[in-house]
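Residue-level structure breakdown
Spelled out, the chains give:
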2 protein chains.
Amino acid sequence: MTGAAAARAGGRRIALLLEYDGTAYRGSQYQENAPSIQATLEAAINNLTGETRRCAFAGRTDAGVHALGQVAGFDTQSRLSIDELRRGMNHFLPLDIVVRQTRETALDFDPRRDATARLYRYRIENRRERPALERDRAWHVAKPLDTEAMRRATRRLEGEHDFAAFAGPYEGSTRRTLRRCELIGCGERLRLEMESPGFLPHQVRRTVGPLVEVGLGRMSEEDLGVLLDAARPASAAPTAPAHGLYLVSVTYDGFGFEPEDESGNGQSE
Amino acid sequence: MTGAAAARAGGRRIALLLEYDGTAYRGSQYQENAPSIQATLEAAINNLTGETRRCAFAGRTDAGVHALGQVAGFDTQSRLSIDELRRGMNHFLPLDIVVRQTRETALDFDPRRDATARLYRYRIENRRERPALERDRAWHVAKPLDTEAMRRATRRLEGEHDFAAFAGPYEGSTRRTLRRCELIGCGERLRLEMESPGFLPHQVRRTVGPLVEVGLGRMSEEDLGVLLDAARPASAAPTAPAHGLYLVSVTYDGFGFEPEDESGNGQSE
C-alpha cells in the first residue's frame, strides 16, 4: 500500500482498529481457497462501497491467532463518513470480526512500517482437565507450572538480544529489543505479555514454548540463557500453539485510536 | 434419581463437576431431536461403561447458558475408579463439555435437592461495537451503563423478598433469599454475581434485565423497588439473553469437590 495508490484512488486512506476471533480463519493474509481475515474484510468493503480494495495489516497473524487491536488500512473513494464506514463494515462482517474504530490517516500511512511498537498476549490455562469454555482461546497445559521459575526466565529475555533461537526462519538481523516480557496471573489462568518495536516471525509462540518448558522443569533458566546466547535457530525448542495468542495493540507516533478498555480482553481473571 | 435406583443398579452413585459451553446445546435437560448436555453426557457414560444411565443435574440451564461448576449425578455398576471415570468420560465427551472432577457419593445423594446454595454469574460487555471474541460469552450492551446506579439497585434486591416480579411463571411460593447480588468490574467488562440457596425459574436473567434498564436510565431504582414490592409477575420487565449466564458453583453440606481456581472463569478482567 503506497501513498500513490491512495492518491490514484482519488481518495482517502482509512485505518481500522480490528478485533477478531481467529479460530475459523487461515490467518490474517489472503490465501487461495481458504478463509482469511483479509479476504473477509475486503468482501465487506466491497459490499459496502462497491469498490475492490486491498487491505494491509500492521501485523501478520497465523491461523487460529486472535486480535484485540489489529490495525488494517485501505484506500477508498467512498464518501461515507468514518462512522458510516465502521457501522457499514460491521453490518457486512461476520460475527467473529468487528471494526472497533475507524480513522482517516495520511495518504502515506503504512500500518506495518509505521508501527513503533506491538503488544502481544499469550494465554495459558494451567489445569488438569482441558478447558471447555476457553478451548480455542488459551493453551491448555495440564501439568503444574512453576510460575516463579518462569518469571525469573522472562527477566533474562527482556532487553536487546539476538533472538535467533526464539524465532522462525528469518533472513536478516535477528537482534530485537524486547521491552517487556511479563508473566501475569497465578493459579489456573496465566498470561504472558510481550512488547517490542518489532517481533521476529513466530517470536511470541517460540518464546512461550521454552518458557513453559522451564515452568515444567524440563528446561532450566540456564538452558534458556544458553539458547539466547547461542543466537542460532534452535529447531528443538517447542512452539506454543496458535490459539493462545492475541495481538493486543499496535502503537504509532502521532497517530492513535481513542483509548479503549482493552485491559482484560482475551484474558479472564 | 433415588437411592433405591442406585441400590438396584447394584452400584455406586457418582457426582460429576462439569464445565460446559452451552452455545451448541438446547439446554441441560434431555430434549427430543435437539442436542442437550444430558443426552451428550449419557452417551459418554454409555460409550465408557456400556450402561444406559440417567443423569440428574443440580441446576437446569437453558439453551446457550454456560456452566463452570454444574453438578450432575448418575448411578453405575462399573468397576472403573473415580479417576478412570473422569478421564474416560472426557475422552468420549465433545470439546465443549468437560468433567473437571468425579466423586463417589452416598446412594441417596440428589444433586438438585441436596444443594444448599448456588452461585450464578452474568457477564456484560458494555462497549459501542459488538464483541467478536466474547460474542457467545457475554451480553453486549452498546450504550453506556451507569454502574453506580446499578450497584445501588442490587443492594435493594439482596435479602429475603418475594421475587415474583423477577422470575418466570412459577407455581408456589416466590419468596427467596438472595444472599448476594453484586455488580463487579468497571469499564467494558462487567459481571453480576448472584448467590442464593435456591433461585426461581429465569431469576438471574430476569434480574439482570431490569438492572440494565436502571443502568441505561430507562428505569429508576425506585421503579425497581416498586416491582419488588408489587410481588407480582411483571411481564414487561426485560429478560437478559441466555449467552451471558454461567452456573458457577453449587454447594452441598458435608460434601464437596476439591477447591479449584474458579475465580476467573467465564470472566475476563
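Residues numbered from 1 in each chain as written. Chains lettered and ligands numbered in written order. Predicted model: local features only at pLDDT ≥ 70, side-chain atom pairs only at ≥ 80, totals over all residues. Heavy atoms only, no water.

Here's the deal with the overall build of chain A
Scanning chain A for helices and strands turns up six helices and 11 strands. Here chain A has a C-alpha radius of gyration of 19 Å; the compact-globule value for 269 residues is 18 Å, and the two agree. For the C-alpha atoms alone, the extent of chain A along its principal axes is close to 60 × 40 × 35 Å. Scored against the burial criterion, the 269 residues of chain A give a buried share of 57%. Taking as baseline every contact in chain A between residues at least 6 positions apart, the subset at least 24 positions apart corresponds to 71%. Side-chain charges in chain A split into 37 positive and 39 negative, and the spacing between the mean points of these groups amounts to 2 Å. (Helix = DSSP H or I, 4+ residues; strand = E, 2+ residues; numbered from the N terminus. Rg over C-alpha atoms; globule rule 2.2 N^0.38 Å. Buried < 20%, exposed > 50% of the residue type's maximum accessible area, 1.4 Å probe, protein only. Contact = heavy atoms within 4.5 Å. Lys, Arg positive; Asp, Glu negative; His and termini not counted. Charge placed at Lys NZ, Arg CZ, Asp CG, Glu CD.)

With respect to the pattern of salt bridges
According to the stated counting rule, one finds 58 salt bridges over all chains in the structure shown. With its nearest N and O atoms 3.2 Å apart, the salt bridge here joins E51 of chain A to R53 of chain A. Each member of the pair, E51 of chain A as well as R53 of chain A, carries the same accessibility label: buried. As a salt-bridge pair, R127 of chain A and E19 of chain B come within 2.9 Å of each other at their nearest N and O atoms. Note that R127 of chain A is positioned in the loop between β5 (115-126) and β6 (139-141) and E19 of chain B in strand β1 (residues 12-20), a pairing that runs across two chains. One exposure class covers both R127 of chain A and E19 of chain B, and it is buried. Three or more residues joined by partner-sharing salt bridges are found here, namely E19 and R100 of chain A together with R123, E125, R127, E134, E188 and R189 of chain B. (Salt bridge = Lys/Arg side-chain N within 4 Å of Asp/Glu carboxyl O.)

Some thoughts on the packing of helix α2 (residues 37-49) of chain A against helix α3 (residues 82-92) of chain A
Residue and element names in this part refer to chain A. Running from amino to carboxyl end, α2 crosses α3 at an angle of 115°, the nearest separation of the two axes being 9 Å. Relative to α3, α2 is oriented roughly perpendicular. When the axes of α2 and α3 are compared, the crossing they make is right-handed. Contacts from L41, A44, I45, N47, L48 and T49 of α2 reach α3 at E84, L85, G88, M89 and F92. Here the residues of the contact of α2 with α3 are counted per class, giving seven nonpolar, three polar and one charged. (Axes fitted to C-alpha atoms, helices over the stretch in contact; angles between N-to-C directions. Parallel < 35°, antiparallel > 145°, perpendicular 65-115°, else oblique. Left-handed = near helix turned anticlockwise from the far one by under 90°. Nonpolar A, V, L, I, M, F, W, Y, C, P; charged D, E, K, R; others polar.)

Quick look at the packing of aromatic side chains
Counting across every chain of the model gives six aromatic pairs over all chains. On the numbers, 5.1 Å between centres and 70° between planes, the contact of F109 of chain A with Y252 of chain A is edge-to-face. Residue F109 of chain A is located in the loop between β4 (97-105) and β5, and its partner Y252 of chain A is located in strand β11 (residues 245-252); the two are separated by 143 residues in the primary sequence. No difference in accessibility class separates F109 of chain A from Y252 of chain A, as the two residues are buried. Aromatic side chains Y122 of chain B and W139 of chain B sit 6.3 Å apart centroid to centroid with 90° between the ring planes, which places their arrangement in the edge-to-face category. Taken together, the positions of Y122 of chain B in strand β5 (residues 115-126) and W139 of chain B in strand β6 (residues 139-141) put the pair 17 residues apart, joining distant regions of the chain. (Phe/Tyr/Trp six-rings, centres within 6.5 Å; stacked < 30°, edge-to-face > 60°.)

What to know about the side chain of E42 of chain A
Tracing the backbone shows E42 of chain A in helix α2. Those residues in contact with E42 of chain A, other than ones at most four positions away along the chain, are R53, R54 and C55 of chain A.

Looking at the environment of A43 of chain A
All names here are of chain A. The topology assignment puts A43 in helix α2. A43 sits in the partly exposed class, given a relative accessible area of 38%. As a C-alpha pair, A43 and R54 span 11 residues in sequence and 10.0 Å in three-dimensional space.

Section: helix α5 (residues 203-215) of chain A
Residues that lie three or four places apart on an α-helix share one face, since the helix turns once every 3.6 residues. All names here are of chain A. Between the first and last C-alpha of α5 there are 18 Å, a value that for 13 residues agrees with the 18 Å anticipated at 1.5 Å per step. The buried count for α5 comes to 12 of 13 residues, which makes it a mostly enclosed element. Looking at α5, one finds that the buried residues are Q203, V204, R205, T207, V208, G209, P210, L211, V212, E213, V214 and G215. Positive phi appears at G217, one or two residues downstream of α5, with a value of about 80°. (Expected span 1.5 Å × (residues − 1).)

Here's the deal with the confidence of the model for chain A
Residue and element names in this part refer to chain A. For chain A, the average pLDDT comes to 93, and 92% of its residues sit at 70 or higher. Long-range and interchain partners of residues 263-269, a stretch whose pLDDT sits below 50, account for 44 contacts in this model, where long-range means more than four residues apart. Here the prediction assigns the complex a pTM of 0.93, and the interface score ipTM is 0.91. (pLDDT = per-residue confidence, 0-100.)

Details of the environment of G256 of chain B
Residue and element names in this part refer to chain B. Counting through the fold element by element, G256 comes out in the segment after β11 (245-252). Residue G256 is classed as partly exposed on the basis of its relative accessible area of 32%. As a C-alpha pair, G256 and D96 span 160 residues in sequence and 24 Å in three-dimensional space.

With respect to the pairing of strand β10 (residues 189-196) of chain A
Residue and element names in this part refer to chain A. Across the eight residues of β10, seven count as buried, placing the element largely inside the fold. Sheet analysis places β5 next to β10, joined by eight bridges and oriented antiparallel. Bridge pairing links I124 to L190 in β10. A loop of two residues connects strand β9 (residues 180-186) with β10, the two strands running antiparallel in sequence, and G187 in this loop sits at a positive phi of about 70°. (Pairing = 2+ DSSP bridges.)

Let's talk about helix α6 (residues 221-230) of chain B
Residue and element names in this part refer to chain B. Among the residues of α6, those classed as buried are L224, G225, L227 and L228. Buried residues of α6, viewed axially, fall in a sector of 155°; they line one side. Across from the buried face of α6, at angles greater than 90 degrees, the exposed residues are E222, V226 and D229. The inward-facing, buried residues of α6 abut α4 (147-157), β7 (159-162) and α5 (203-215). (Arc of directions from axis to C-beta.)

Describing the side chain of E134 of chain B
Tracing the sequence through the fold places E134 of chain B in the loop between β5 and β6. Only 3.1 Å separates the side chain of E134 of chain B from the side chain of R123 of chain B, close enough to count as a polar contact. (Polar contact = N/O pair within 3.5 Å; in protein donor to acceptor, adjacent residues only side chain to side chain.)

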